[in-house]
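# Summary of the model geometry
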Amino acid sequence: MDVSQRYRESWEGFWAATSDEPGEAIWDADPSLSAAPHSELLLPYADAALPVADLGCGNGTQTRYLATRFARAIGVDLSQAAIGHARRADPEGAAEFVQLDLVDGDAVRALHERIGDTNVYMRAVIHQSEPEARPAVAAAVATLLGNRGRAFVAELTPASQDVLRQAAQGPDGPPKKLRRVFDHGLKPASATDEEVPQVLRAAGLITLDSGDTALPQTEHLPDGTRIDLPARWFVLAAR
């Protein structure tokens, strides 16, 4: 199975039109607001001597931080343009970056064979994946974990749609960074509250811990308030 051509082109187009400027992508939050606190939730359950795979790494901002907390960090993204951003932002090679379709089971298994059991960091990937692809994305997490890895998965909840609607109704329409998401046909927060835990369970993933959170964005409402999107996080192991 592969993602659809439309989906692939949407992400390739988004990243090709994005500059190397930090924070230009609306979700490109500073690691102090994302990977750092998320690592504190994952590390009590995870072996930091194992690698960590950042799935949907984009321009690699979080991956580079994860490389300071784990023995090895590998950023994975569907978009070759995103991988280009990530490599340019990491001239010292703190992390590795690989173009990979998470829905391609053979490619995911080949990555696992190459790096062995790995921890996984995945922030806001399932909710924007095509509905028919979501089970395969969750299965990719299970494959990469193997017996020893642990995962941190954070996904937007449907309540995020209300926040995004509010942001889009400003006097000038959606803020620039949010408009770019819509212009490229990307659909945030399209999974239901029940769907994410269901697809994780169906993939053979066991929830060790979970909670509610918000994913800070790099865009603001007209009154200057930062856009924070409601989300739920899970620490997971493979059954």
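Scroll up a little and you will see the structure.
Calculation criteria
Counting restarts for each chain: residues are numbered from 1 in the order of the written sequence. Local features in this predicted model are restricted to residues whose pLDDT is 70 or higher, and side-chain atom pairs enter the listing and the counts only when it is 80 or higher, whereas totals over whole chains, interfaces and linings include all residues. Side-chain numbers here rest on the full set of heavy atoms in the structure, without hydrogens or water. The numbering of helices and of strands both runs from the N terminus, where a helix is a DSSP run of H or I of at least 4 residues and a strand a run of E of at least 2. Within 3.5 Å is the distance limit for a polar contact, defined as a pair of N or O atoms, with the added protein rule that one can donate a hydrogen and the other accept it, and that residues adjacent in sequence qualify only through two side-chain atoms. Any two residues whose heavy atoms approach within 4.5 Å at even a single point are treated as in contact. Classification of residues uses two cut-offs on accessible area relative to the type maximum, computed with a 1.4 Å probe and protein chains only: under 20% is buried, over 50% is exposed, and between them is partly exposed. In this scheme, strands are said to pair when DSSP sees at least two bridges between them. Whether a crossover is right-handed depends on one test, that the path from the first strand over the helix to the second runs clockwise when the strands point away from the viewer. Residues belong to one nonpolar core when they are buried, are Ala, Val, Leu, Ile, Met, Phe, Trp, Tyr or Cys, and are joined through side-chain atoms within 4.5 Å. Note on method: axes are straight lines fitted to C-alpha atoms, helices fitted across the in-contact stretch only, with angles between N-to-C directions ranging 0 to 180 degrees. Our angle categories are set so that under 35 degrees counts as roughly parallel, over 145 as roughly antiparallel, 65 to 115 as roughly perpendicular, and the remainder as oblique. If you view the pair so one helix is near and one far, a crossing is left-handed when the near helix is turned anticlockwise from the far one by less than a right angle, and right-handed when it is turned clockwise.

## Observations regarding the side chain of D28
Position of D28 relative to the elements: it lies in the loop between α1 (5–16) and α2 (35–42). Reaching out from D28, the side chain makes a polar contact with the side chain of T61 at a distance of 2.6 Å. Leave out the neighbours within four places in its chain, and D28 touches P22, G23, N59, T61 and T218.

## What to know about the side chain of S79
Along the chain, S79 turns up in the loop between β2 (73–77) and α4 (80–88). Not counting chain neighbours up to four residues away, the residues in contact with S79 comprise W11, E12, W15 and Q99.

## Overview of the pairing of strand β1 (residues 52–55)
Going residue by residue along β1, you find V52 and D54 tucked away on one face and A53 and L55 tucked away on the opposite face as well. Taken together, the four bridges between β1 and β2 define a ladder with parallel strand orientation. Bridged to D54 within β2 is G75. In terms of handedness, the path from β1 via helix α3 (residues 61–66) over to β2 forms a crossover that is right-handed. Of the strand pairs in this sheet, β1 and strand β4 (residues 119–123) are connected by four bridges, and their pairing is parallel. Paired with A53 across the two strands is V120, which belongs to β4.

## As for the environment of W27
On the secondary structure map, W27 appears in the loop between α1 and α2. For W27, a relative accessible area of 21% puts it in the partly exposed group. C-alpha separation for the pair W27 and A203, spaced 176 residues apart in sequence, amounts to 26 Å. Apart from residues no more than four positions distant in its own chain, W27 is found in contact with W11, F14, W15, R123, V181, L186 and Q217.

## What about the nonpolar core?
Membership of the largest hydrophobic core comes to 73 residues, with the highest contact counts inside it found for L55, L102, V120, M122, V141 and L200. Excluding anything up to four places from it in sequence, V141 contacts L55, V120, M122, A151 and L205.

## Digging into the packing of α1 against α4
It is at 7 Å that the axes of α1 and α4 come closest, and there the two elements cross at 35°. Counting all contacts with α1, which are made through E12, W15 and A16, the residues of α4 involved are Q80, A81, A82 and H85.

## So, the packing of helix α5 (residues 105–115) against helix α6 (residues 134–145)
How two helices pack is summed up by the angle between their axes together with the distance between the axes. Between α5 and α6, whose axes approach to 9 Å, the crossing angle comes to 20°. Our classification of the angle between α5 and α6 gives roughly parallel. Classified by chirality, the crossing of α6 by α5 is right-handed. Within the contact between the two elements, α5 uses V108, R109, L111 and H112 and α6 uses A140, T143 and L144.

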